[in-house]
Amino acid sequence: MIYDPNTFSNINEVKTTHLDLNFIVDFKRKILDAVVTLKLVTLVDNVNKIILDTRYLNIKSVSCCGAQLKHNLADINEKFGSALHIQLNDNLSAKTEFDLIINYCTSEQGTAVQWLEPIQTSGKKHPYLFTQCQAIHARSLVPCQDTPAFKLSYHASVQVPQPLRALMSAVEVGEENVDNNTKIYKFEQTVKIPSYLIALAVGNLVGKKIGPRSTVWTEPEVVESAAWEFVDTEKFIEIGEKLLTPYEWKKYDLLVLPASFPYGGMENPCLTFVTPTLLAGDRSLVDVVSHEISHSWMGNLVTTLNWEHFWLNEGWTVFIERKIMGRLHGEATAEFDAIIGWRALEQDIELFGESNVLTALTPKLKDVDPDDSFSSVPYEKGFNFLYHIQKVIGGPQNFEPYMKAHVQEFTGKSITTDDWKRFLYSFVEKNFPEKKADLDNVQWDAWLHAPGMPPVKNEFDDTLAKACNELAERWHRARDNQVFDEFSPDDIKNFTPGQTMVFLERLFEFSPLPFPVIEALNKFYCFMDVRNSEIRFRWQQVCLKSEYEPIFPHVVKFVTEQGRMKYVRPLYRLLNQTKNGSELAKKTFRENKSFYHPIAAAMIEKDILK
C-alpha cells in the first residue's frame, strides 16, 4: 500500500505515467486555458473511478475514448483543495492503460501561478508569470495525482503573446508563430518526475550561455549581471558527477525570477528557478546553485515517497551541496557552512517549539498542509544525521561510495526512510561488515522520530568561526562601558561574507544591544549600506531585536522589494513584535500583499495577522 496523507487521489488503484499539457496563456484574465491528457494505468482489478487532486480549477469536461464522463468536484478543503471524482464507463482490470482528457482553466485563486503586472518586473513593459508547485500546488496548475509517490514524463505546448517567451522544466523541442501576435513553444521531459517539479515561466526573457550545458535566463535588464554571478555553474555539475552519477537531464539552465519569488531556489529539472537576491555582485551567495544542482540527484532522481520523508530530498541535498563546496573551497568552508546551518536549525526549533511534532525528521502530516511544516529541520537535521552516519561507518572514504550506490539503487524511484535505511544496512553489511555493530548503536528513534534538536551534536571545524565569535565577544563586552576605541573597519576587512553573517548571528544572540552599540557597529562596518541580502537580513534582525527604530524604514524597504520567505517572514515577525512596529508590520503587509507569491502571502498572514 502506498501512503500519502496529502493527496485525495486513489493512488492504490491507478497511476499516472505521462501528461500531455496544452496551455494558452491569458494575461488579461490571468488564467491558463488548458487541456491535459493523462496517460493512466490501473494497479488493481475493478477500477471504475478516478480521483484527482485539484485546487481552484474550473473543470469544463472530462472524456475517455471519445465518450464524455460524469464527474464532480468535492467541496473545497482549505488545506488540500478539491477532489475531482470521475466515473468511468467500465470496470477496468489491472494493468489496463487508458487516457483521460480534461478541458479546464486555472483561476486567480490558484496557488501555483503568480501573475505579475509589468510594473512588478525589471523592464516595466511586459507582464510575467511563474509557477511554484512544491509541495502540493501542482493541483492548482493541472488536475493530477499530486503526490511525489508517482513519477511521470510530460510533453507541453504553451501559447503566449509575442514577444514573450515560455520556459518549462523540460527541454524545448520547437516553436512556431501562430500569427504576428502569438507564438507556441513546445517542450518535452523524458526523464520521469513527480508532479511538484512541473514548472512554467512566461515573460520577456533572454538567455546567455554560461557553460556547455547551461544558459542563464532572465529579463534583458539583468542578464549580464546574472551570467557573471553564475559563471561557475559547470564546475558544480562536474563535481556532482564525480561524487555521484552522470548528469541525466541533458541541460542545466537557470532562470532568475522577479523579486517576488518566495524561495532561494527551486530545483525544477532542466531549469532551476532562483531568486534575484542571489545577485550580490561578488558571487558570495551562489552556494544556493550548488544546492539546486545537488537536487539533480537527490530529490529529482531519488525522491521522497510523501512529504513526511522530505528530509530524503533536502537533508541529502544539503549534504551533497557541502561536499561540492568542500571540493571547491576546502573542507573548512564546508564545515563552516554546517555551523551556520546548525544555528538556523536552533532558531527554527525555538520558533516551532522543542516539543513540536513538526520538528521531528519524519513528522506525521495527516491533516497538515506540508507548507505549514516548512523549516530548516529536513535540511539541517537531515544533514546532521547523514554527517553523523558518515562518521559512524568510517568517514568519507566509506560514505562516499555509499552515496553513489544510493543514487544508483534508487534512481527513478520514490522512497521512504525505511527503504533508505534498509539499503544503508545492506551496503554496510556487504562492504564494511565490521561497522554494522556501530550502525546498530545509532539512536535511530531519537534521530528520526523525536522532536527538537538532534540527539548528537556533531563537531565541525570552527577555524573560520573563531574570528567571528571573538569579534562578537569584544562587542558584547563593550556594551557596558560603551567605549569603542578598539574597533575599526579593519575588523572585518578580511572576513568572507559568511564570516560576517556568523558575526551578526552571534550579535543577535547577545541582543538586545544598546543603541550606541548599534550606531557604532554601523559607523565602523557600514551595515546600513550593504548589498549582500544575507548580511542585510541579519543586520536588520539585530536592530529589530534591539527595537532600534531608525531601522524600520530599511526593513520596510527590504521586505517590499523582494518576497523571499527566508527573509520576509522573520523580519515581519520581529517588526510585529516591537513596541512601536506592530502596526507598521501589519500595514506594510496589507499594502503589499498582492506583491507576494500566494504561498508567501498565506504564511506571512499566519505569522502576523492570525
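Conventions used here
- Residues numbered from 1 in each chain as written.
- Predicted model: local features only at pLDDT ≥ 70, side-chain atom pairs only at ≥ 80, totals over all residues.
- Heavy atoms only, no water.
- 1 Å grid on protein atoms, 1.4 Å probe; cavity = no way out; pocket = protein on both sides within 12 Å on 5 of 7 lines; lining within 4 Å.
- Points joined across faces, edges and corners; volume = space filled by probe spheres on them.
- Helix = DSSP H or I, 4+ residues; strand = E, 2+ residues; numbered from the N terminus.
- Pairing = 2+ DSSP bridges.
- Axes fitted to C-alpha atoms, helices over the stretch in contact; angles between N-to-C directions.
- Parallel < 35°, antiparallel > 145°, perpendicular 65-115°, else oblique.
- Left-handed = near helix turned anticlockwise from the far one by under 90°.
- Contact = heavy atoms within 4.5 Å.
- Nonpolar A, V, L, I, M, F, W, Y, C, P; charged D, E, K, R; others polar.
- Buried < 20%, exposed > 50% of the residue type's maximum accessible area, 1.4 Å probe, protein only.
- Phe/Tyr/Trp six-rings, centres within 6.5 Å; stacked < 30°, edge-to-face > 60°.
- Lys NZ or Arg CZ within 6 Å of the ring centre and 35° of its normal.

Quick word on the layout of surface pockets
In this structure, the second largest pocket occupies an estimated 770 Å³ of space. If you trace the second largest pocket, you find 31 residues lining it, with Q109, T111, P598, I599 and A602 closest to the centre. Those elements that provide at least two residues to the lining of the second largest pocket are strand 9 (113-116) and helix 18 (598-608). Element by element, the count of residues in the lining of the second largest pocket is highest for helix 18, at 7 residues.

A few points about the sheet that holds strand 6 (residues 71-73)
Ordered by their spatial adjacency, 3 strands build an open sheet running 3-7-6, and the pairing between neighbours is antiparallel. Each edge of the sheet is formed by a strand with only one pairing partner; in this case those strands are strand 3 (47-54) and strand 6. Strand-to-strand twist in this sheet, taken as the mean axis angle between neighbours without regard to direction, amounts to 20°.

Remarks on the packing of helix 16 (residues 565-577) against helix 17 (residues 582-592)
One can describe the packing of helix 16 onto helix 17 by two numbers: an axis separation of 6 Å at closest approach and a directional angle of 140°. By the angle between their axes, helix 16 is oblique relative to helix 17. Our pair here, helix 16 against helix 17, has a crossing hand that is left-handed. Across from Y572, L575 and N576 in helix 16, the residues of helix 17 making contact are S582, L584, A585, K586, T588 and F589. Looking at the contact of helix 16 with helix 17 residue by residue, the classes come out as 5 nonpolar, 3 polar and 1 charged.

Here we look at the pairing of strand 12 (residues 165-168)
Along strand 12, one buried face is formed by R165 and L167 and the opposite face, lined by A166 and M168, is buried too. Pairing of strand 12 with strand 15 (residues 200-203) involves 4 bridges; the strand directions are antiparallel. Counterpart to R165 in the pairing with strand 15 is G203.

Structural notes on the packing of aromatic side chains
Counting across every chain of the model gives 48 aromatic pairs. Between F261 and F273, the aromatic rings sit 6.2 Å apart at their centres with planes inclined by 70°, giving edge-to-face as the arrangement. Of this pair, F261 sits in the loop between strand 18 (253-256) and strand 19 (265-266) while F273 sits in strand 20 (residues 271-274), and the two are 12 residues apart along the sequence. Both residues of the pair, F261 and F273, belong to the buried class. Here the aromatic rings of F374 and Y379 are separated by 6.0 Å at their centres, their planes lie at 80°, and the arrangement is edge-to-face. Here Y379 falls in the buried class, since its relative accessible area comes to 17%. Put simply, the rings of W316, F319, F383, Y387, F399, Y402, F410, F423, F427, F432 and F460 pair up and form one aromatic cluster. Note that R283 overlies the ring of W228, its terminal NZ or CZ placed 3.7 Å from the centroid.

Without other data, these values stay purely geometric and don't point to any function.
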